[in-house]
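# Chain and residue survey
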Amino acid sequence: MTNKIFLNIYIFFLIFISHSLSADDLNINAKIIELDKSDKSIIAEGGVEVKDNKNNLIISEKIKYDKIKQILNTYGETEIITSENFKIKGENIIYDNNKKIVSSDSKTQITDRDGNTVFVNMFNYIVEKNMFLSSGEIKITDNKSNEYYFSEIYIDEKKRKMVGSDIRTFLNDGSFKYDSRNEPRFFANSATISEDYTIFNKAVFTACKQRENDKCPPWVIRAKEIKHNAAKKTIFYDSAVLKVYNFPIFYFPKFFHPDPTVKRQSGFLMPQFADNSTVGFSTSIPYFWAISKDKDMTITPKIYAGENILLKNEYRQAFKNSYLIVDSSFTQGYKDTGNKKTSGSRNHIFANFKQNLTEKKDSYSNLEVNLEHLSNDTYLKVHDIKTELVDSEKTILRNEVKYQYQDRGEYFGLMASAYEDTTKVDRSKYEYVLPNLVYERNLLSDKKIGIIDLYTNAIAKNFNVDQTTKFLVNDIGWKSRSFTNTIGLQSNFEGLLKVVAYEAENTSNYKTGSFNAETHGAVSYNASLPMYSDSLNKNKINFFTPKLSFKYAPGHMRNLHDDSLRLDYSNLFSLNKNSNIDVLDSGTSLAAGLEFSNLDVLDNKTGEENYSLYLGQVYSLDQNSDMPSRSSLDQKVSDLVGRASIKFNENFSISNNFSVDHNFNDINYNDLKASFLLGNAKFNVGYLEENNHIGNNSYFKSDVKLEINKSNNLSFDLKKNLETDSTEFYNLAYNYVNDCLKAGLVYRREYYTDRDVESSDTLMFNISLFPFGKVNLPTLDR
């Protein structure tokens, strides 16, 4: 009887007084702890915390521990913090203290120290090995929101490594998306994920959006192994095959590229394939070398099937306030030489250096150096070299040193240049400009007087082998403030004083052998009368503006041998219409014009022109034979020049720049352009005609683009010389574009020939894979 009373007292003590109990290496803390004598179990409730001898902590509201079987059961929501600081959130979890295994058949969430979360329907946790095991539907969401799905997984806490099978990975991190529609993903038989690397075995990767009915994506890369090295930030592929719409295109024994977090890293870039009628089929394999943080290089060997290899190199370096690019290439030349294909090696070197010499926000001070050298005039065209500095169509080489300074009040520029025209074959191809000094300054800005500016240019040239000119030109320009009288007539005055000092040798346009000085001046009165009227449509307004400019420039001007000068409406009212620094148009003349336009009005603001017509003509007191006949300014009455446009609707518009003989018998210049949209087809058509004193040319140019749908389009370009009835070139292209791929078929006919450059017909197929880049497949040359 005494023993029974003592046992009841002991149990009462456990229930109401004790809050801690140790049993079989488990330390149990709770608000209430009961000992069930019948099955020798411990029941704990209220803020229960159980810690084992490995420092694994179990947190729950109720647990039951069977001392005989050494099995602990939790009831309801349970959290476990492992010795390696992994967090387990689930319910009804079992801890077998004998086998040292924690398990559950309920949905559970496991979070590691890096914030990656694993969702499982069951798991086993081996305490002694710090390892999780699970099978079934398993999902992992990493700290970048990427999602991984497994059918089986093993997680090693100490090694911080996961191993799983039947993996599907969806990369939601935006850095891997070229297009918002992209759904980049990896599928693999198995995968190993650790802190240092991730390995996918027998894997498939694509960035394309998933297609309906499980259709194959536009492109995939299948590989024996895909490995992401976190330390090197590089993705490596072993035995990789690129497939386009399930058709194998390329096989790469080894292939790698930087991961999306890397802006620049050494590695091979996408190979390129091309064909050329002169040098044949070629393969280019660029290699990008990230030398250091501030410098890198792209080395591109271009391997020809029937010619010597061409090696291209682009070097880039950034400094604190400057940037340098050096572009070069070299080839030993043609294997088989002849009359057109001359012997000898070929090379080029282009360089550009820019430096900012000040950090002030209200001014700039820049130094720029350009170097351009070719060993052969047609070298760029033959090998179709195009880079940041080089264009295969380039015909003028420019070597110069240029310094510029500008602030709010003045500008200073100093330049030394050497030019080479590669279309010429004799020494006349070279032109040298040294020095070329320009200084500009605002001398006066006054509300009453207006604006007075100074422009100074000191320049020396050597051209056509032995012809030289040296100029010092000072221009003082004046523009008065505008005046508006009671009837709305707007007017102002302009003036220009040009002082020219020069020396010349071996030129027919200038006095030679001595120092010469000239002074020229011109003044003009400009007036316009803007008028407007409401249109029949309340949302439109009509503008009508007569304009005139009376100009007086006394004295004689030097004969202007400038075949490029053409009078049009843009320079009709200019005080000096020519571009030569040392010449000022002389004579007394009146430029008169009319401007008419109809504009949209929205919220009391004028918008786009619906139609317009601008007309003008120059009337001179005397003929001026020193002006080029092409401009028609050598006559008393110039050509009638103008421009017109009409916008019929959003789909159809026409524009025209024209010049009509003063007697209105001939059209001397006609530049007509039309743009119209018909359904899914867009047409741009151009017609250019030059007659009489302007030239003898006639061209037709068209550009047609047909949008078949969002993914398919067809385009056609054509330029034809109507005088010779010959086509200069035409292109027919088909393009297919989706979120991750662009494919095109291009047929091009080019008639251009120059020494060893031959005309050709080409058919080329190209593919661009996003986000990797562009692949040009072999061209078929007819």
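### Quick look at the overall build of the protein
The secondary structure content of the protein amounts to two helices and 52 strands. In terms of overall size, the protein is more extended than a compact globule, its C-alpha atoms giving a radius of gyration of 41 Å where 782 residues would be expected to give roughly 28 Å. Taken over the C-alpha atoms alone, the protein extends approximately 145 × 80 × 55 Å along its principal axes. Classification of the 782 residues of the protein by burial places 41% in the buried group. Sequence-distant contacts in the protein: of pairs separated by 6 or more residues, those separated by 24 or more amount to 42%. When the accessible surface of the protein is split by element, carbon and sulfur atoms take 53% of a total near 42,500 Å². Side chains of the protein carry 96 positive and 102 negative charges; the gap between the two charge centres is 5 Å.

### Quick word on the pattern of salt bridges
The tally for this structure, following the rule as stated, stands at 25 salt bridges. Across the pair Lys 54 and Glu 128 runs a salt bridge whose closest N-O atoms are separated by 3.3 Å. Linking Lys 54 in the loop between β4 (41-51) and β5 (57-66) with Glu 128 in the loop between β13 (123-126) and β14 (131-141), this pair joins segments that are 74 residues apart in sequence. Using a relative accessible area of 46% as the deciding quantity, one classes Glu 128 as partly exposed. In this structure, Lys 551 engages Asp 585 in a salt bridge whose closest nitrogen and oxygen atoms are separated by 3.8 Å. Placement of the pair is Lys 551 in strand β40 (residues 540-553) and Asp 585 in the loop between β40 and β41 (587-602), with a sequence separation of 34 residues.

### With respect to the nonpolar core
Among the nonpolar cores identified, the biggest contains 62 residues, and Phe 150, Trp 219, Ile 226, Tyr 237 and Leu 741 are the most heavily contacted of them. Among the elements that make up this core, the one with the highest residue count is strand β20 (residues 234-244) (five residues). Discounting residues that sit within four places of it in the chain, Leu 741 has contacts with Pro 218, Trp 219, Val 244, Tyr 736, Ile 767, Ser 768, Leu 769 and Phe 770.

### Regarding unusual backbone geometry
Going from Leu 434 to Pro 435, the amide bond is cis rather than trans, its omega being -5°. Residue position: Pro 435 is located in strand β33 (residues 430-446). For Ser 145, which is not glycine, the phi torsion reads 70° and is therefore positive. Under the relative-accessibility criterion, Ser 145 is labelled partly exposed at 43%. Here the phi dihedral of Lys 233 falls at roughly 55°; this positive angle occurs in a residue that is not glycine. Among the structural elements, Lys 233 can be located in the loop between β19 (219-229) and β20. Classification of Lys 233 as partly exposed rests on a relative accessible area of 40%.

### Some points on the confidence of the model for the protein
Caution is warranted with low-pLDDT regions, since their predicted coordinates should not be read in detail. Taken over all residues, the pLDDT of the protein has a mean of 86, while the share at 70 or more is 91%. Counting interchain partners and residues more than four positions distant, the pLDDT-below-50 stretch residues 1-18 has eight contacts. Low pLDDT, under 50, characterises residues 774-782; the stretch is placed with 43 contacts to residues that sit more than four places away or in other chains.

### Focus on a nonpolar patch on the surface
Residues Leu 706, Ile 708, Leu 714, Leu 732, Tyr 734 and Leu 745 make up a contiguous nonpolar surface patch of roughly 470 Å² in combined accessible area. The topology assignment puts Leu 732 in strand β49 (residues 726-737).

### Some words on the state of the cysteines
Evaluation of the coordinates by the stated rule reveals one disulfide. Between Cys 208 and Cys 740 runs a disulfide, and the two sulfur atoms are separated by 1.9 Å. Linking Cys 208 and Cys 740, the disulfide has an S-S dihedral of approximately 90° and is accordingly described as right-handed. Taken as a pair, Cys 208 in the loop between β18 (197-206) and β19 and Cys 740 in the loop between β49 and β50 (741-750) lie far apart in primary sequence, 532 residues in all.

### Details of the environment of Ser 574
Relative to the elements of secondary structure, Ser 574 occurs in the loop between β40 and β41. Ser 574 sits in the partly exposed class, given a relative accessible area of 27%. Taking the C-alpha atoms as reference points, Ser 574 and Val 279, 295 residues apart in sequence, are found 51 Å from one another.

### What about empty space enclosed by the protein?
With the rule as written, the count across this model stands at six cavities of 30 Å³ or more. Counted as a void, the largest cavity has a volume near 60 Å³. Around the largest cavity, the lining residues are Ser 524, Ser 549, Lys 551, Leu 572, Phe 573, Ser 574, Leu 575, Lys 577, Ser 589, Ala 591 and Val 618. If you list the elements that add at least two residues to the lining of the largest cavity, you get β40 and β41.

### Some remarks on the pairing of strand β27 (residues 310-318)
Counted residue by residue, β27 has seven buried out of nine residues, so it is predominantly covered. Bridging between strand β26 (residues 295-304) and β27 involves eight bridges; their strand directions are antiparallel. Paired with Asp 296 across the bridge in β27 is Arg 316. Between β26 and β27, which pair antiparallel in sequence order, lie five residues. Bridge count for β27 against strand β28 (residues 322-331) is nine bridges, and the pairing is antiparallel. Bridging from a neighbouring strand, Tyr 315 pairs with Val 326 of β28. Turn length for the β27-β28 hairpin, with the two strands adjacent in sequence and antiparallel, is three residues.

### Description of the pairing of strand β48 (residues 712-721)
Pairing between strand β47 (residues 697-707) and β48: nine bridges, direction antiparallel. By the bridge assignment, Phe 700 is partnered in β48 with Lys 720. Hairpin connection from β47 to β48: four residues lie between these consecutive antiparallel strands. Here β48 folds back onto β49 in antiparallel fashion, the turn holding four residues, of which Asp 725 has a positive phi close to 55°.

So, how was this worked out
- Residues numbered from 1 in each chain as written.
- Predicted model: local features only at pLDDT ≥ 70, side-chain atom pairs only at ≥ 80, totals over all residues.
- Heavy atoms only, no water.
- Helix = DSSP H or I, 4+ residues; strand = E, 2+ residues; numbered from the N terminus.
- Rg over C-alpha atoms; globule rule 2.2 N^0.38 Å.
- Buried < 20%, exposed > 50% of the residue type's maximum accessible area, 1.4 Å probe, protein only.
- Contact = heavy atoms within 4.5 Å.
- Areas by Shrake-Rupley, 256 points an atom, 1.4 Å probe, with all protein chains shown as cover.
- Lys, Arg positive; Asp, Glu negative; His and termini not counted.
- Charge placed at Lys NZ, Arg CZ, Asp CG, Glu CD.
- Salt bridge = Lys/Arg side-chain N within 4 Å of Asp/Glu carboxyl O.
- Core = buried A, V, L, I, M, F, W, Y, C linked by side-chain atoms within 4.5 Å.
- pLDDT = per-residue confidence, 0-100.
- Patch = residues over 30% accessible without salt bridge, like charges linked within 9 Å, V, L, I, M, F, W, Y side chains within 5 Å.
- Disulfide = S-S within 2.5 Å.
- 1 Å grid on protein atoms, 1.4 Å probe; cavity = no way out; pocket = protein on both sides within 12 Å on 5 of 7 lines; lining within 4 Å.
- Points joined across faces, edges and corners; volume = space filled by probe spheres on them.
- Pairing = 2+ DSSP bridges.

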